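So you can see what is in the structure, the chains are spelled out below.
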Amino acid sequence: MIKNKALGITLVIYTVLFYTAWSVYQFVFAEMIKREVNNEVVSMLISSGAVKNIIWTLPAVVLIVWFEDDMFAGTKDMCRFSSKDLMGIPVMLGLAAYILIGAFIRKHGLFINQSFGLDDVIIVLFVGLTEETVFRGWLLNAFLKNADTDKKRYIAVGINAVMFLLIHFPIWIVSGDFVKNITSFGFVIILVLSVIFSYCFIKTKNIFVPIIIHSIYDLLIFMFV
C-alpha cells in the first residue's frame, strides 16, 4: 500500500521511535511527574497537554505536511468542513447511547461520577486531538493513499486498529490493568472504536470528525462509567 519508499522507511522509523518514546515516558517519567507535582490539574496539563502533544501531535503534523502528496487526505481536506461531516452525528449518538444506557443499567440511574473533575476534562481536551492526529491523520492517512480496493482499505484499517491497541499497553501495564483488560476482552472495545474512528475519517476525510467523536466518547466515559 506504501509505494513511496521514503514514506515507507519513515513510517518504520517513526513507529519504532514513537512506541519507544511513549513506553519510556509511561514507565519512567509519568509516575515521576505525578510524584513531583502535587496538583492533579497541573500534573494533567503537563502529561496530557505538554508531553503528549510533543511526543504525539507535533511530529505527526510535521510528517503529514512533509508527505502531503502521499496522503489519502491532504491538510486542506482534513480541515475543510462539508455536509459529509454530518454522518458523524449518528455515529456519535450511537456511541453516546451505548455508554449512557450501559451506565444506567449498571447504576440504576444516570449519576455523574464523584471523582469527575477538571483533571478529567483536561485529559478529554487533549486525548482526542493527539490520538486521532497520529492514528487517523498520519498513520491511516498514509496507508490509505494507494488502498484502491475494499480489501486494501480493510487491511489498512485493521493494521491501524492493532497499532492503536498496542499504544495502550504501556499505561495498562503501569496501572496494573493489563491482565484484566486482556482476560476480560476489554481490549476489544479499543479495536472497535479504532475501526469506527477510521470509518469516519475515510468517509469524511475531515480529521475533526473522529477527534470530536473520540473526545465526546471519552468525556461520557469519565463522567458516567
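So, here's what we can say about the structure. The structure presented is a predicted model; accordingly, all values stated were derived computationally and were not measured. (Residues numbered from 1 in each chain as written. Predicted model: local features only at pLDDT ≥ 70, side-chain atom pairs only at ≥ 80, totals over all residues. Heavy atoms only, no water.)

Moving on to the layout of surface pockets. In this structure, the largest pocket occupies an estimated 1,500 Å³ of space. Lining the largest pocket we find 46 residues, and of these Ile123, His168, Ile171, Trp172 and Phe222 sit closest to its centre. For the lining of the largest pocket, the secondary structure elements donating two or more residues are α1 (5-36), α2 (40-66), α4 (88-107), α5 (118-144), α7 (169-175), α8 (178-183), α9 (187-204) and α10 (208-224). Across the lining of the largest pocket, the residue classes break down as 24 nonpolar, twelve polar and ten charged. (1 Å grid on protein atoms, 1.4 Å probe; cavity = no way out; pocket = protein on both sides within 12 Å on 5 of 7 lines; lining within 4 Å. Points joined across faces, edges and corners; volume = space filled by probe spheres on them. Helix = DSSP H or I, 4+ residues; strand = E, 2+ residues; numbered from the N terminus. Nonpolar A, V, L, I, M, F, W, Y, C, P; charged D, E, K, R; others polar.)

Moving on, we come to a nonpolar patch on the surface. Together, Val24, Phe27, Val28, Phe29, Met32, Ile173 and Val174 make up an exposed nonpolar region whose accessible area comes to about 560 Å². Looking at the nonpolar patch element by element, the count peaks at five residues for α1. Overall, Val24 belongs to the partly exposed group, its relative accessible area being 38%. (Patch = residues over 30% accessible without salt bridge, like charges linked within 9 Å, V, L, I, M, F, W, Y side chains within 5 Å. Areas by Shrake-Rupley, 256 points an atom, 1.4 Å probe, with all protein chains shown as cover. Salt bridge = Lys/Arg side-chain N within 4 Å of Asp/Glu carboxyl O. Buried < 20%, exposed > 50% of the residue type's maximum accessible area, 1.4 Å probe, protein only.)

With that settled, the discussion passes to the environment of Thr20. With respect to the secondary-structure elements, Thr20 resides in helix α1. For Thr20, a relative accessible area of 44% puts it in the partly exposed group. Along the primary structure Thr20 and Asn141 are separated by 121 residues, whereas in three dimensions their C-alpha atoms are 22 Å apart. At 2.6 Å, the side chain of Thr20 and the backbone oxygen of Val16 are in polar contact. (Polar contact = N/O pair within 3.5 Å; in protein donor to acceptor, adjacent residues only side chain to side chain.)

Quick look at unusual backbone geometry now. Although it is not a glycine, His108 sits at a positive phi angle of roughly 55 degrees. Along the polypeptide, His108 turns up in the loop between α4 and α5. For Phe185, which is not glycine, the phi torsion reads 60 degrees and is therefore positive. On the secondary structure map, Phe185 appears in the loop between α8 and α9.

A word on the packing of aromatic side chains. For the structure shown, the criterion picks out 15 aromatic pairs. Taking the centre distance of 5.8 Å and the plane angle of 80 degrees together, the rings of Tyr14 and Trp138 count as edge-to-face. Of this pair, Tyr14 sits in helix α1 while Trp138 sits in helix α5, and the two are 124 residues apart along the sequence. Comparing Tyr14 with Trp138 shows no difference in burial state: the two are buried. (Phe/Tyr/Trp six-rings, centres within 6.5 Å; stacked < 30°, edge-to-face > 60°.)

Before going further, it helps to spend a moment on the nonpolar core. Nonpolar side chains tend to gather and get buried jointly when the protein is soluble and globular. In this structure, Tyr14, Phe18, Trp56, Val134, Phe135, Trp138 and Leu139 are the most contacted members of the largest nonpolar core, which totals 41 residues. Elements represented by at least two residues in this core include exactly α1, α2, α5, α6 (150-166) and α9. The dominant element in this core, judged by the number of residues it contributes, is α1, at nine residues. Every residue in contact with Phe135, bar those within four places of it in the chain, is listed here: Phe18, Tyr19, Trp56, Leu140, Asn160, Met163, Phe164 and Ile167. (Core = buried A, V, L, I, M, F, W, Y, C linked by side-chain atoms within 4.5 Å. Contact = heavy atoms within 4.5 Å.)

Looking now at the environment of Ser82. Here Ser82 is to be found in the loop between α3 (75-78) and α4. For Ser82, a relative accessible area of 34% gives the class partly exposed.

What follows deals with α9. The end-to-end C-alpha distance of α9, which contains 18 residues, comes to 26 Å, matching closely the 26 Å that a straight helix rising 1.5 Å per residue would cover. Where α9 terminates, the next one or two residues include Lys205, which has phi positive at roughly 65 degrees. (Expected span 1.5 Å × (residues − 1).)

Turning to empty space enclosed by the protein, a few remarks are in order. Space left empty within the atom packing is revealed by a probe, the size of a water molecule, rolled over the atoms. In this structure the tally under the stated criterion is one cavity of 30 Å³ or more. Its volume calculated, the largest cavity comes out at about 30 Å³. Along the walls of the largest cavity sit Met92, Leu95, Ala96, Ile99, Ile213, Ile216, Tyr217 and Leu220, which together make up its complete lining. For the lining of the largest cavity, the secondary structure elements donating two or more residues are α4 and α10. Of the residues assigned to the lining of the largest cavity, the class counts are eight nonpolar, no polar and no charged.

Everything listed is a geometric property; what it means functionally is a separate question.
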